Amino acid sequence: MSKRKSEVPLVEQLYKKNLGSFEASGGFCDDDDQVAERREEIAQKRQRRIDARAPSIPLDDCQLCQKPIIESFLWDRFRHPVCDSCRDDNDAHKLISRTDALNTYLLKPPDLDLRKPALRYIARKNPHNPRYGDMKLYLGCQVIDRMLEVHGSYEGLEDAKKLREDKRTVKNERNFEKKLKDMRKQIRGAGKNIVVTKKAHIHAFGDEIEVDAAAGEWKRECAECGYTETFEKM
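Below, the structure is looked at part by part. Because the structure is predicted, anything quoted here is derived from the model rather than measured.

With respect to the sheet that holds strand 6 (residues 228–232)
Strand pairing in a sheet relies on backbone hydrogen bonds. The paired strands run either parallel or antiparallel. With respect to topology, 3 strands assemble into an open sheet ordered 4-5-6, the strand pairing being antiparallel. A single partner strand is all that each edge strand has here, and the edge strands are strand 4 (209–212) and strand 6. Adjacent strand axes in the sheet meet at a mean angle of 30 degrees when their direction is disregarded. Where strand 4 meets strand 5 (residues 217–221), 3 bridges bridge the pair, whose relative direction is antiparallel. Bridged to Glu 210 within strand 5 is Trp 218.

Considerations on helix 6 (residues 140–151)
With 12 residues, helix 6 extends 16 Å from end C-alpha to end C-alpha; this agrees with the ideal 16 Å at 1.5 Å per step. Inspection of helix 6 places Gly 140, Cys 141, Gln 142, Val 143, Arg 146, Met 147 and His 151 among the buried residues, and these make up the whole buried set.

As for the nonpolar core
With 13 residues, the main nonpolar core has Tyr 105, Leu 107, Leu 112, Tyr 138 and Val 143 as its most contacted residues. Residue assignment for this core shows that the elements contributing at least two residues are helix 4 (98–104) and helix 6. Excluding its chain neighbours within four sequence positions, the residues that come into contact with Leu 112 are Arg 98, Ala 101, Leu 102, Leu 107, Ala 118, Leu 119, Tyr 138 and Arg 146. Ile 69, Leu 74, Cys 83 and Ile 122 belong to the second largest nonpolar core, which has 10 residues in total.

A few points about the pattern of salt bridges
Tallied over the entire structure, the rule returns 8 salt bridges. Notably, a salt bridge pairs Arg 98 with Asp 113, separated by 2.6 Å at the nearest N-O pair. Of the two residues, Arg 98 is situated in helix 4 and Asp 113 in helix 5 (residues 109–113); the sequence distance between them amounts to 15 residues. Of the residues examined, Arg 98 reaches a relative accessible area of 17% and is grouped as buried. Classification of Asp 113 by relative accessible area gives partly exposed; the value is 34%.

A short note on the sheet that holds strand 1 (residues 95–97)
Taken in spatial order, the 3 strands make up an open sheet running 1-3-2, and their pairing is antiparallel. In the strand order of this sheet, the two ends are held by strand 1 and strand 2 (121–124), each with one partner. Between one strand axis and the next, the sheet turns by 35 degrees as a mean value, whatever way the strands run. Bridge analysis of strand 1 against strand 3 (residues 135–139) gives 3 bridges, and the strand direction is antiparallel. Bridge pairing in strand 3 links Ser 97 to Leu 137.

Procedures and definitions
Residues numbered from 1 in each chain as written. Predicted model: local features only at pLDDT ≥ 70, side-chain atom pairs only at ≥ 80, totals over all residues. Heavy atoms only, no water. Pairing = 2+ DSSP bridges. Helix = DSSP H or I, 4+ residues; strand = E, 2+ residues; numbered from the N terminus. Axes fitted to C-alpha atoms, helices over the stretch in contact; angles between N-to-C directions. Expected span 1.5 Å × (residues − 1). Buried < 20%, exposed > 50% of the residue type's maximum accessible area, 1.4 Å probe, protein only. Core = buried A, V, L, I, M, F, W, Y, C linked by side-chain atoms within 4.5 Å. Contact = heavy atoms within 4.5 Å. Salt bridge = Lys/Arg side-chain N within 4 Å of Asp/Glu carboxyl O.

This is the structure:
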């Protein structure tokens, strides 16, 4: 009897949806669903601890429409006073991953986690592999504000990017020079170890010429090196 949908692990459902068949995904055990639920529980507890440490700011009017905030996802999760009606998920209020925040805006982990106030985030399962660690998503406008605190301006960010690129270029050039130097040493060392052996010369004598018939003395000459050999015939 096939499993009811409510009994099928969430991970199995996800792979069935994306890959067409559970067998094509490699298969999972029921324990995977328990692990996923446990990870989600840990992520929620971590977020609640962050919420408790976050500074309390008054929930007044929306900073965009100036109307009282009735419902606000941005306020509940990021303490950003913008109502759901003014929320712009495609631009100012889009969510960006921790990796993009660090690489795109040249921030360091302490800029996100230790500089006060610490930036709030929401945890989501990694879309590339549910078994990986949770992905941290930050509010884009808050990341930009933190970038301006660190670099001073967009021009400061561009200067920092240029400086990083210059350092990377210098490092690559040094690595290239080092590899080239090592290669030259290897070539010189290999040249010193080469032993040249000369092949033994085999004479190619021409016709024998009689020198002294009475003494029975003859000679012959190598056609290649000119060596002359004198011998006696009995």
